[in-house]
Protein chains: 4
Amino acid sequence: MKKSVRFGISMERNLLRDFDELLERIGYASRSEAVRDLIREKLVEKEWQDTNREVVGVITIVYSHATRKLSENLTSIQHHYYKQIISTTHIHLDHNNCLEVLIVRGKSVKIKEIAERLISTRGVKHGRLTTTTTGKKLA
Amino acid sequence: MKKSVRFGISMERNLLRDFDELLERIGYASRSEAVRDLIREKLVEKEWQDTNREVVGVITIVYSHATRKLSENLTSIQHHYYKQIISTTHIHLDHNNCLEVLIVRGKSVKIKEIAERLISTRGVKHGRLTTTTTGKKLA
Amino acid sequence: MKKSVRFGISMERNLLRDFDELLERIGYASRSEAVRDLIREKLVEKEWQDTNREVVGVITIVYSHATRKLSENLTSIQHHYYKQIISTTHIHLDHNNCLEVLIVRGKSVKIKEIAERLISTRGVKHGRLTTTTTGKKLA
Amino acid sequence: MKKSVRFGISMERNLLRDFDELLERIGYASRSEAVRDLIREKLVEKEWQDTNREVVGVITIVYSHATRKLSENLTSIQHHYYKQIISTTHIHLDHNNCLEVLIVRGKSVKIKEIAERLISTRGVKHGRLTTTTTGKKLA
């Protein structure tokens, strides 16, 4: 970390004790790191509320490859959005079930559209959009 | 705040600038207050994961009083849990719709049960359980 | 329920069995009621994304009344927004801690502003905004 | 879908109209598919509350590869959990920032531990655990 600054935080003793316990349990090496994480989490939340901001997301879908035409449909949707989809990882969960994890980058409104289209496809059992960040604005 | 301590947090200049901007927008008077809020939010989250911990919750339900027997049913469920329900506020939203806000206190597993029973009652249009805290463990 | 319609849903036997188990556990009397709740939950979520839509919210704050000037500050903020705040219920949690539950109604962007101002006030230990609905658009 | 059953759902005309509008906007081809998705979403939520249940998760972390020893640390943590980590995809977001997406499978309590350890590592800017499913129990 270059260009780093330091500032003081005041807190009641008991609150600090509970915080330290939590950090210990999770495995944080320092309070600074934990506080930075809490702040960055909040900032990324806000990033996604701005529909025109460039964000990074991860779309996960679980489906059965046995469902007729499903793989075909999913592939065709993905190609339509090839500019936003950086990569797709496919896991064979068992004989029937597949997990596909897509890494996507673009305006948040577009990323949500891709997620909704994939998740609403007939035969997709479960889907999620995870919101993360390009990291650019996050020191 | 008595028994308060002070400690240093280091952070990249850019992250601090973004944090300050966010605080400004929300209306925080100091960084300490904002950091404490982030920490307490995390601690309350953990409180609720411990099913035997005493917590405070707020249950909100929206329903139409015209639905046959609904008010009767809701009242009867509430009396069953009179030990946990501290108070109920009723708002007449319009000719048909009612909002009821219950303040509840007890073990988190019990509070969830009350919320589920009320929200699943036929005719309740929308329901939510908000998780908050007795404040005891929070300095 | 007047003007009610009926339509068919098809589902794999196993999914229906798991759904029925869940309903049983929560206490739903019928599948229709449970499906309606899932749908209404989704619709209320979307309501809140429209910043100009009239919504109903519940703001809960936990604070220590011993904090200097805090009650005064909170009251003054609340009066500023008297048009949106329908009612406030106050619970004495223990010697020090207070719970205040505000029922608010207005445009979602305004409701969020009120919540942020109250929660960010120095001395407020925990705060939450719960999003619910006027019930108007929800049959 | 084999072994599929059909059952009726009753609903007020207005609620159905709003539901249909939402489906249209999202892109669902049928009400059945949308209702099944709502149900499965709920079931997966419950799966994760059972700490001993086998689940599938996706962990995303964003970090700067320039941070001293960070890549080394992350790799070492990942190898410790090699039995749970199915695959890792790495994206070079820009000169400094990396995105790593791990697909993990195991008991939910273990998966959460892996996520917490990675996210709390010094230098990781943002992290998320997404909860999904093996699909086994989901028809």
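Below is a summary of the structure that appears in this document. (Residues numbered from 1 in each chain as written. Chains lettered and ligands numbered in written order. Predicted model: local features only at pLDDT ≥ 70, side-chain atom pairs only at ≥ 80, totals over all residues. Heavy atoms only, no water.)

**Considering the sheet that holds strand β2 (residues 54–64) of chain B**
Residues and elements named next belong to chain B. Within the open sheet, the four strands sit side by side as β3-β4-β2-β5. Their pairing is antiparallel. Bordering the open sheet on either side are β3 (85–92) and β5 (124–132), each of which pairs with just one other strand. For this sheet the average axis-to-axis angle between neighbouring strands, irrespective of direction, equals 15 degrees. Relative to strand β4 (residues 97–107), β3 runs antiparallel, the two sharing seven bridges. Residue pairing in the sheet places Ile 91 in a bridge with Leu 99 of β4. Sheet contacts for helix α2 (residues 31–49): β2 and β5; angle to β5, the most-contacted strand, approximately 110 degrees. (Pairing = 2+ DSSP bridges. Helix = DSSP H or I, 4+ residues; strand = E, 2+ residues; numbered from the N terminus. Axes fitted to C-alpha atoms, helices over the stretch in contact; angles between N-to-C directions. Contact = heavy atoms within 4.5 Å.)

**Digging into the packing of aromatic side chains**
If you walk through the whole model with that rule in mind, you get zero aromatic pairs over all chains. The ring centre of C:Phe7 lies 4.8 Å from the NZ or CZ of D:Arg31, which sits over that ring. (Phe/Tyr/Trp six-rings, centres within 6.5 Å; stacked < 30°, edge-to-face > 60°. Lys NZ or Arg CZ within 6 Å of the ring centre and 35° of its normal.)

**Looking at the relation of the copies chain A and chain B**
One chain copy maps onto the other through a rotation about an axis and a shift parallel to that axis. For the pair chain A and chain B, the best superposition has an RMSD of 0.0 Å and corresponds to a rotation of 180 degrees with a translation of 0.0 Å parallel to the axis. What we have between these two chains is a two-fold relation. For chain A, the residue whose C-alpha comes nearest the rotation axis is A:Gly8, separated from it by 2.2 Å. (Least-squares fit on C-alpha atoms with pLDDT ≥ 70 in both.)

**Considerations on the side chain of B:Thr60**
Position of B:Thr60 among the secondary structure elements: in strand β2. Here B:Thr60 falls in the buried class, since its relative accessible area comes to 0%. When residues no more than four places from it in sequence are discounted, the contact partners of B:Thr60 are B:Leu99, B:Glu100, B:Val101, B:His126, B:Gly127, B:Arg128, C:Val58, C:Thr130 and C:Thr132. (Buried < 20%, exposed > 50% of the residue type's maximum accessible area, 1.4 Å probe, protein only.)

**Notes on the interface of chain A and chain B**
Tallying the contact residues gives 34 residues for chain A and 34 residues for chain B. Note on chain A versus chain B: buried area summed over both sides is about 3900 Å², and carbon and sulfur give 68% of it. Inspection of the chain A/chain B interface yields zero salt bridges. Across the chain A-chain B interface, the total number found is ten residue pairs in polar contact (both at pLDDT 80 or more). Counting residues per element, the side of chain A that touches chain B draws most heavily on helix α2 (residues 31–49) of chain A, at ten residues. Classifying every residue of the side of chain A that touches chain B gives 15 nonpolar, five polar and 14 charged. Note that strand β1 (residues 4–12) of chain A and strand β1 (residues 4–12) of chain B share nine bridges and pair antiparallel. (Buried area = accessible area lost by both parts, 1.4 Å probe. Salt bridge = Lys/Arg side-chain N within 4 Å of Asp/Glu carboxyl O. Polar contact = N/O pair within 3.5 Å; in protein donor to acceptor, adjacent residues only side chain to side chain. Nonpolar A, V, L, I, M, F, W, Y, C, P; charged D, E, K, R; others polar.)

**Quick word on the interface of chain D and chain A**
Often the size quoted for an interface is simply the accessible area lost on bringing the parts together. Counting residues at the interface gives 46 residues for chain D, matched by 46 residues for chain A. With both chains or domains summed, chain D and chain A bury close to 3800 Å², and 53% of this area falls on carbon and sulfur atoms. The interface formed by chain D and chain A contains two salt bridges. With a shortest N-O distance of 3.0 Å, D:Glu41 and A:Arg128 are connected by a salt bridge. Seen at the junction of chain D and chain A, the total is 20 residue pairs in polar contact (both at pLDDT 80 or more). Counting residues per element, the ones that place at least two in the side of chain D that touches chain A are α2 (31–49), β2 (54–64), β3 (85–92), β4 (97–107), α4 (108–119) and β5 (124–132) of chain D.

Purely spatial values, then, with no claim about function.
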